[in-house]
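# Close look at the chain arrangement
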Amino acid sequence: MSKVRIYTLAKDLGVENQRMLEILDGLGVSYKSVSSTIEEETVDLIKQILAEESTEAATETVAAEAAPAVSAPEAPAKAGSDDVAPVASSEAPAASATAEIPHRAPVVTIMGHVDHGKTSLLDYIRKTKVAAKEAGGITQHVGAFEAQTSKGRIVFIDTPGHEAFTTIRARGANVADIAIIVIAADDSLMPQTREAIAHAQAAKVPMIIAINKVDLPQADPDRVKTDLTQLNLVPEEYGGDLVVVPVSAKTGEGVEELLEYISLTAELEDLRADPKAAFGGVIIEGRVDRQQGVLATVMVQEGTLHVGDFLVVGENYGKIKAMNDSNGARIKEAGPSTPVQILGFSDVPNSGEKVASAKNEHAAREVVASRQSDRRDVENARVQRRKTLEEMMGP
Ligand code: GDP
Ligand code: MG
């Protein structure tokens, strides 16, 4: 044994992929994805760390048993914070708890250079993989859709381009689990392709390369693979761990394989979320509809949303009056990895804003009030600092 893939090792040692990546981060070992390979010495180090951890855990359990009836110390609560559900965190929960947490569908974003076929690819998938709409449903832009594949559900964010990805990330949320980088076979790597790759790498989101337009006579997929290698992204067939799938959004060639690779990557990532946990989600997009008012698409990340729930977004709150799935069908509740369109906010929320639920209207108001006062404190402190500075500088 010389080199071993991260996910293989994780499976062998019975730990989450996420935990494995945290350990590698801690060791300063670089990797591209869970399918990257690591050296034997690193494997030894990881085993050592895990062994130490389990010894510590055992000691703690003994200590806890020796001193029962005392609940775990809680972090000091901020005003109103106990009334609001925590926003889903990307941290993997403790290994012992994950076993019962069900898997969730992957959320996929498509990025790439202009005209390389992002919209066409999404359209093809939507056309072939989305169940027919409910009768009477009005086609509305929701910003996401759910594809049914033989390997299960896949959720696509359908605002292609980097803006959606970066604005969401800029607000500290991570909504995508997998990034598809579309590269046209007749054009190869272009500036926005490199940007897209850089975004996915910065977010540590696993990438799948879709070489599109392979139906064109001038298509040159080998050139794309060679160009990728120059960026240190080595396709699997060249001995690396980058998944590269040739596709055509026009003929549909390769799309099925692409979906399979998405499901496989999702499996390796071991994506899970608890539908019974406190609700946490992210705004995908918000807009005003002339007839209906403010509509917001929310991605449920943890827990379950119900019609009638109170939601808090930034300094706004709202009550869910009605909820649609991405097909336009009215639904009453929605679990993890479900994009839903919500009617009930009075102000248009921004994409990337985190959404939490509150017990009732009173609690929602309190959270908003506390956020407003926190913001004012920060602003006042800034004004005060400037005044002090001006005084120090003299007239
Ligand atoms: P986007 O800017 O990345 O969203 O690219 P579009 O989806 O708008 O596609 C740009 C152009 O390429 C359009 O004229 C599409 O019809 C065309 N196109 C997209 N995918 C394919 C493909 O697989 N084969 C061919 N021949 N043309 C494609
Ligand atoms: Mg487009």
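Let me begin by describing the structure that accompanies this report.

Quick notes on the rules
- Residues numbered from 1 in each chain as written.
- Chains lettered and ligands numbered in written order.
- Predicted model: local features only at pLDDT ≥ 70, side-chain atom pairs only at ≥ 80, totals over all residues.
- Heavy atoms only, no water.
- Helix = DSSP H or I, 4+ residues; strand = E, 2+ residues; numbered from the N terminus.
- Buried < 20%, exposed > 50% of the residue type's maximum accessible area, 1.4 Å probe, protein only.
- Contact = heavy atoms within 4.5 Å.
- Areas by Shrake-Rupley, 256 points an atom, 1.4 Å probe, with all protein chains shown as cover.
- Axes fitted to C-alpha atoms, helices over the stretch in contact; angles between N-to-C directions.
- Parallel < 35°, antiparallel > 145°, perpendicular 65-115°, else oblique.
- Nonpolar A, V, L, I, M, F, W, Y, C, P; charged D, E, K, R; others polar.
- Pairing = 2+ DSSP bridges.
- Salt bridge = Lys/Arg side-chain N within 4 Å of Asp/Glu carboxyl O.
- Phe/Tyr/Trp six-rings, centres within 6.5 Å; stacked < 30°, edge-to-face > 60°.
- Near = heavy atom within 4 Å.
- Polar contact = N/O pair within 3.5 Å; in protein donor to acceptor, adjacent residues only side chain to side chain.
- Core = buried A, V, L, I, M, F, W, Y, C linked by side-chain atoms within 4.5 Å.

## A closer look at the overall build of the chain
When helices and strands are tallied, the chain shows 10 helices and 16 strands. The proportion of buried residues among the 395 residues of the chain is 45%. Residue pairs in contact within the chain that sit at least 24 positions apart in sequence constitute 73% of those at least 6 positions apart. For the chain, the exposed area adds up to about 20500 Å²; of that, 50% sits on carbon and sulfur atoms.

## Let's talk about the packing of helix 5 (residues 118–129) against helix 9 (residues 255–269)
Two elements in contact, helix 5 and helix 9, have axes separated by 11 Å at closest approach and are oriented at 90°. Considered as vectors, helix 5 and helix 9 are oriented roughly perpendicular to each other. Seen from helix 5, the contacting residues are L121, Y124, I125 and K129; seen from helix 9, they are V255, E256, L258 and L259. Residue composition of the contact of helix 5 with helix 9, by class: six nonpolar, no polar and two charged.

## Notes on the pairing of strand 4 (residues 144–149)
For strand 4, a buried count of five out of six residues is recorded, marking the element as mostly surrounded by other parts of the structure. Summarising the sheet, strand 4 and strand 5 (residues 152–157) pair through six bridges and their orientation is antiparallel. Of the residues in strand 5, the one forming a bridge with Q148 is R153.

## With respect to the pattern of salt bridges
Oppositely charged side chains are able to pair whenever their charged atoms sit close together. One pass over the full model with this rule turns up 15 salt bridges. Residues E146 and R153 are paired through a salt bridge, measuring 2.5 Å at the closest nitrogen-oxygen approach. Classification of R153 by relative accessible area gives partly exposed; the value is 25%. A salt bridge links E260 to K151; its shortest N-O distance comes to 3.8 Å.

## Describing the environment of A203
Looking at where A203 falls in the secondary structure, it is placed in the loop between helix 7 (191–202) and strand 7 (207–212). When its relative accessible area of 9% is taken as the criterion, A203 is described as buried. The residues touching A203, leaving out its near neighbours within four places in the chain, are F165, R169 and N174.

## Brief notes about the packing of aromatic side chains
Using the criterion set out here, one finds one aromatic pair in the structure. For the pair F145 and F156, a centre-to-centre distance of 5.3 Å together with 20° between the ring planes defines the contact as stacked. In this pair, F145 sits in strand 4 while F156 sits in strand 5, placing the two residues 11 residues apart along the sequence. Judged by its relative accessible area of 2%, F145 is buried.

## Brief notes about the pairing of strand 6 (residues 178–184)
Across the seven residues that make up strand 6, a large majority, seven, are buried. In terms of strand pairing, strand 3 (residues 107–112) meets strand 6 through five bridges, oriented parallel. Across the sheet, the residue bridging to I110 is I180, located in strand 6.

## A few points about the site of ligand 1
Contacts to ligand 1 come from 15 residues, most closely from D115, K118, T119, S120 and D215. At 2.8 Å from an oxygen atom of ligand 1 is found a side-chain nitrogen or oxygen belonging to T119. Burial of ligand 1 by the protein amounts to 70% of the accessible area it has alone, namely 570 Å². In terms of residue count, helix 5 provides more of the shell around ligand 1 than any other element does, three residues in total. A breakdown of the residues in the shell around ligand 1 according to their chemical character gives three nonpolar, seven polar and five charged.

## Considering the sheet that holds strand 9 (residues 280–289)
On the basis of which strands lie adjacent, the closed barrel formed by six strands has the order 9-10-15-13-12-16 and antiparallel pairing. The sheet shows a mean angle of 45° between the axes of neighbouring strands, taken without regard to direction. Note that strand 12 (residues 310–313) and strand 13 (residues 316–325) share four bridges and pair antiparallel. In the sheet register, L311 faces strand 13, and the bridge partner there is G318. Packed on one face of the sheet, helix 10 (residues 361–393) meets strand 12, strand 13 and strand 16 (354–358) and runs near 10° to strand 12.

## A short note on the nonpolar core
Soluble, globular proteins show a tendency: their nonpolar side chains are buried together. Judged by nonpolar contacts, the single largest core of 26 residues is most densely connected at L121, I125, F156, I180, I208, L258 and I262. Secondary-structure elements contributing two or more residues to this core are strand 3, helix 5, strand 4, strand 5, strand 6, strand 7, strand 8 (243–246) and helix 9. Broken down by element, the residue count for this core peaks at five residues, all from helix 9. When sequence neighbours within four positions are dropped, the list of residues in contact with I180 reads V108, T109, I110, M111, I208, A210, L258 and I262. Grouped together as the second largest cluster of nonpolar side chains are 23 residues, I183, A203, V205 and V244 included.

## Regarding the side chain of T338
Tracing the sequence through the fold places T338 in strand 15 (residues 338–345). In this view, T338 contacts E146, R153, V298, M299 and V300; residues no more than four positions away in its chain are not counted.

## Description of the environment of T297
Summarising the element assignment, T297 is placed in strand 10 (residues 293–302). C-alpha of T297 to C-alpha of A381: the two residues are 84 residues apart in sequence and 35 Å apart in space. Excluding its chain neighbours within four sequence positions, the residues that come into contact with T297 are V142, V282, I283, I284, E285, P339, V340 and Q341. A polar side-chain atom of T297 sits 2.6 Å from the main-chain carbonyl oxygen of V142.

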